[in-house]
Amino acid sequence: MANAFKDDVLLVYLPSQPPPQFLQGVASKFPNLKVRWVETPVDNGQLLPPDHLTADQWAGVTMMCIYHVPKPEVIPDVWFFQAASAGTDAWTKHPKYQDPDVVFSNASGCQPPQIAEWVIGSWLSHEHHFQVYADQQKQELWRPRLEMEVNVSTNRRMGILGYGGIGRQCARLGQALGMEVFAYTHRERLTPESRRDETYCVPGTGDPDGLIPARWFSGTSRDAINDFLAQDLDLLVVSLPLNNDTRGLFGREQFEILSRNRNKTFLSNIARGAIVDDTALVHALETGLISGAAIDVTDPEPLPKGHPLWKAPNIFITPHIAWMSSKYWDNLSDLLLKNLEKLATGQTVINLDKKR
């Protein structure tokens, strides 16, 4: 591997300093690889795209690790991309993404620990009425709300729509709380081998062998989805990729199905906002079809002032930050280093994007 990448330049554009272990790993394994690590500037909470980079910084770049989608004209020679997000829906129309000779790896597996904690944290906050007491604290009001029912998670049911890395870590935490887990996947997972997760996984997390779900569901039809939603789900986690099959997947019909479950369902969307119809979600909250919702994603983003979602009852909204963690960039650089090793030895990269 020491002679690999002698003609390559890796540009890393991330909002962090390079982890020492990554630089040490590259120096020892790939001494010929030139690494340009540029820390992404942040303005008003937004990561700035790489438009400000100079011609010298773009010169000779053949490999990239980046969150943004760069302009095609500045990356004519790039043949490998390590995306910094689990979803690559923003890339679908990019000529480099459409080129079958260009290798794409997504960042699936780098986010599950923090996103699963966001899911469970918002679920527990809802069930224990933390927001009510937070408001009372601001008023310096000591008032036990004995009229509000508190439901623990034991013997409740979590449905996970999209059983990838994030869904598997949600299942792990849900099981620890005593919940029964139902999993839904695009294709059938009938054998132990098919239920294993081959994507990147932070050690000690997730469900690598697919042993947690009590039942598995699958399919691509709306009927198959609706059947899953009718399984008396107390907590529904949406962790699907955004594509033509999932865009607008959740509408009034789906919320009506959830309303017929034995208990009112709580919806958690940490996937993409366009999967859930906002108008239908507002209606479901206002009419009590579901018990509540926690969403880290909206359509559009940012969610504009005056949008009905802001004032919908029983909703918790965060500005697409569930992925954030002090360990995120360490995880991503670890995945990148592992993929450099795969490329140097002619193996398939981890998290190879299927370019659907």
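Everything here concerns the structure above.
Everything numeric here is computed off the predicted structure, so don't read it as measured data. (Residues numbered from 1 in each chain as written. Predicted model: local features only at pLDDT ≥ 70, side-chain atom pairs only at ≥ 80, totals over all residues. Heavy atoms only, no water.)

Burial within strand β8 (residues 157-161) is extensive, with five of its five residues counted as buried. Residues Arg157, Gly159 and Leu161 point to one face of β8 and Met158 and Ile160 to the other, with burial holding for every one of them. As defined by bridge partners, β8 adjoins strand β9 (residues 180-185) across five bridges and the pair is classed as parallel. When the bridges of β9 are listed, Leu161 appears paired with Tyr184. Once the chain exits β8 it traverses helix α6 (residues 165-176) before rejoining the sheet at β9, and the crossover so formed is right-handed. (Buried < 20%, exposed > 50% of the residue type's maximum accessible area, 1.4 Å probe, protein only. Helix = DSSP H or I, 4+ residues; strand = E, 2+ residues; numbered from the N terminus. Pairing = 2+ DSSP bridges. Right-handed = clockwise from strand over helix to strand, strands pointing away.)

For the pair helix α7 (residues 222-229) and helix α8 (residues 252-259), interaxial distance at closest approach is 9 Å and the crossing angle is 30°. As far as their axial angle goes, α8 and α7 are roughly parallel. Considering how the two elements wind past one another, α7 and α8 form a crossing that is right-handed. In this structure, α7 contributes Arg222, Asn226 and Leu229 to the contact, and α8 contributes Glu253, Gln254, Ile257 and Leu258. Grouping the constituent residues of the contact of α7 with α8 by class yields three nonpolar, two polar and two charged. (Axes fitted to C-alpha atoms, helices over the stretch in contact; angles between N-to-C directions. Parallel < 35°, antiparallel > 145°, perpendicular 65-115°, else oblique. Left-handed = near helix turned anticlockwise from the far one by under 90°. Contact = heavy atoms within 4.5 Å. Nonpolar A, V, L, I, M, F, W, Y, C, P; charged D, E, K, R; others polar.)

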